[in-house]
Amino acid sequence: MSDSLAATDPGTRLAALRPRLADHGQEHVLRFWDELDDTERGILLDELEALDLERLATMVAEVTGRTAAATAPALEPAALIELGDSAAHRQRDAEAREVGESLLRAGKVAAFLVAGGQGTRLGYDGPKGRFPVGPVTGRSLFAYHSHRVLAACRRYDAELPYFVMTSRANHDDTVAAFHEAGFFGLDPDLVTFLTQGMLPAVDRDGRLLLAERGRLALSPDGHGGCFTALERSGALDDMARRGIEQVFYFQVDNPLAQVFDPVFIGHHALAGAEMSTKVVPKSEPGEKVGVLGLIDGALGVIEYSDLDPALAAERDDEGRLRFRAGNIAIHMIALSFIRRLLSGGLSLPVHRADKQVPSVAPDGTTTAPSEPNAIKLEMFVFDALPLAARAVTQEVRREDEFAPVKNAGGPDSPATARDLLVGQARRWLAAAGLSVPDGPLEVGPLFALDQDEFVANLVRGDVGPIYDRA
Ligand code: UTP
């Protein structure tokens, strides 16, 4: 029998796996082996063979053994490209816009939407991108983003490619959402879906959990998994073939994300930055948002739980919070930086989330715990920031760029996001000198991407309806 045939035989595969599992104290995942049928055995073997048990052990040690540092790191605010309306600010941004627009016209920038998350807090049945957030039309998050990509392709007369990261659980439904919507008007050749990796959930002792008798409890490896996913899927090579030099990274839950914002692209390019970030001024010292700052001298995101309340409340001479650079998870990333990260064997730090994960008990019953019983492991995209040789942090207006849909109700929910979308439409109408009606309002990205375009298009007859239905 050839090696490859032998490798497909479940008995041979099991014999190779068993000692490795035993060495790592994980043999219990085979507890129900004798009860599984051939298909179930095949699935379990696939999942186990895909695991890097050594790396898992290191990750678990990292998150369970992490103790408070002997000395707290020195924190300083990040240098910002600050918001401002002065002539100098406007001149600075106009120069950046020119550079960004020329990169867009030359087709050198790709959009990269990460949409592989589980969206547990929202509790919506389906990929979060399908969520209907438009205040008038019920336009979905996917439609907002895709229409911005389409509008940019038209504005810059360029074929700007669009990469969408999914995860195993939502991939098919995400692809279906694009097909059902006719790719939102985009040329399907410009749209590429890629699937991120998975990491296993473990119990407090680092032991793998079973979601079913023949299936591991796995979850997406975090938005920081995007770099490896780009490489493994071939998307990086594809970008290079298409002449892409810069990647515009954004997340699915923000319908105000200004995809392909030329000013941001320009500031990033002018600085020769490897990875740049948009931030908004924190609304108050206690706002639960990560802040861009220098951590022992290196740029990174200071998590809100790590920022001493006294520091969080400090103000500068102008009365602004010193640590105000709230991360809104929009990045420019140079393709050469992604390649550099991966060539060095990228190993982003791993983060721990304590979650309730239904799992199969030794007696074969499945329990849905009421308290967190499991550790999920995730990587974060912003952990690449300290590895960047140069970085730009640009401050932008919250009301124009950040409407996160995270929770089912309360802050950062569909209701607050809709209010922000309506607020933007009202401001644009007022800027056009029109009376602002009561009730819900919405501007479709195909009508206008920004206020100037909105005002200009109102007087033209050929740009289509303001609400252009998704
Ligand atoms: P969140 O951190 O809000 O996580 O993701 P989530 O999974 O969507 O939601 P909860 O925490 O379960 O409620 C921020 C962005 O990162 C993407 C999400 O799709 C969203 O665009 N993301 C998150 C991934 O693409 N993959 C992941 O593994 C995690």
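Relevant structure appears above.
Residues numbered from 1 in each chain as written. Predicted model: local features only at pLDDT ≥ 70, side-chain atom pairs only at ≥ 80, totals over all residues. Heavy atoms only, no water.

Is there a simple way to explain the site of the ligand in this structure?
Around the ligand sit 18 residues in total, of which Gly116, Thr120, Arg121, Gln196 and Lys406 are the nearest. Between an oxygen atom of the ligand and a main-chain N or O atom of Gly117, the distance comes to 2.9 Å. Val252 is positioned such that a nitrogen or oxygen atom in its backbone is 2.9 Å from an oxygen atom of the ligand. For the ligand, whose accessible area on its own is 560 Å², the fraction buried by protein is 89%. (Near = heavy atom within 4 Å. Polar contact = N/O pair within 3.5 Å; in protein donor to acceptor, adjacent residues only side chain to side chain. Areas by Shrake-Rupley, 256 points an atom, 1.4 Å probe, with all protein chains shown as cover.)

Help me out: how do you make sense of the packing of aromatic side chains in this one?
Each aromatic ring pair is described using two quantities: the centre-to-centre distance and the angle formed by the ring planes. Under the defined criterion, the tally for this structure stands at 14 aromatic pairs. Taking the centre distance of 5.7 Å and the plane angle of 45° together, the rings of Trp428 and Phe454 count as tilted. A residue pair is termed long-range when its members are at least 10 positions apart, and Trp428 in helix α14 (residues 414–431) and Phe454 in helix α15 (residues 451–458) qualify at 26 residues. According to the relative accessible area criterion, Phe454 is buried, its value standing at 1%. A ring pair is formed by Phe447 and Phe454, whose centres lie 5.7 Å apart and whose planes are at 70°; its orientation type is edge-to-face. (Phe/Tyr/Trp six-rings, centres within 6.5 Å; stacked < 30°, edge-to-face > 60°. Helix = DSSP H or I, 4+ residues; strand = E, 2+ residues; numbered from the N terminus. Buried < 20%, exposed > 50% of the residue type's maximum accessible area, 1.4 Å probe, protein only.)

So what exactly am I meant to see when it comes to the pattern of salt bridges here?
Opposite charge on two side chains makes pairing possible when the charged atoms of those side chains draw close. Summed over all chains, the structure comprises 36 salt bridges. In this structure, the salt-bridge partner of Lys278 is Glu401, at a minimum N-O distance of 2.6 Å. Of the two residues, Lys278 is situated in strand β10 (residues 275–281) and Glu401 in helix α13 (residues 398–401); the sequence distance between them amounts to 123 residues. Here Glu318 and Arg320 are joined by a salt bridge, their closest N and O atoms 3.6 Å apart. Glu318 gets classed as exposed once you look at its relative accessible area, which sits at 61%. By relative accessible area, which is 24% here, Arg320 ends up partly exposed. Through salt bridges with shared partners, one network takes in Glu82, Asp316, Glu318, Arg320, Arg324 and Glu395. (Salt bridge = Lys/Arg side-chain N within 4 Å of Asp/Glu carboxyl O.)

Hey, could you run me through the environment of Arg232 in this one?
Residue placement: Arg232 occurs in helix α8 (residues 226–232). Given the relative accessible area of 70%, Arg232 is considered exposed. Residues Arg232 and Thr195 lie 37 residues apart in sequence; the distance between their C-alpha atoms is 9.2 Å.

I keep staring at the packing of helix α5 (residues 87–105) against helix α10 (residues 262–270) and nothing clicks. Help me out?
Packed helices, taken two at a time, are described by their axes: the angle between them and the distance between them. The geometry of α5 relative to α10 is characterised by a closest axis approach of 6 Å and an angle of 95° between their N-to-C directions. In this view, α5 runs roughly perpendicular relative to α10, as classed from their interaxial angle. Across the interface between the two elements, Arg92, Asp93, Glu95, Ala96, Arg97, Val99, Gly100, Glu101, Leu103 and Leu104 of α5 pack against Pro262, Val263, Ile265, Gly266, His267, Ala269 and Leu270 of α10. Residue composition of the contact of α5 with α10, grouped by class: nine nonpolar, three polar and five charged. (Axes fitted to C-alpha atoms, helices over the stretch in contact; angles between N-to-C directions. Parallel < 35°, antiparallel > 145°, perpendicular 65-115°, else oblique. Contact = heavy atoms within 4.5 Å. Nonpolar A, V, L, I, M, F, W, Y, C, P; charged D, E, K, R; others polar.)

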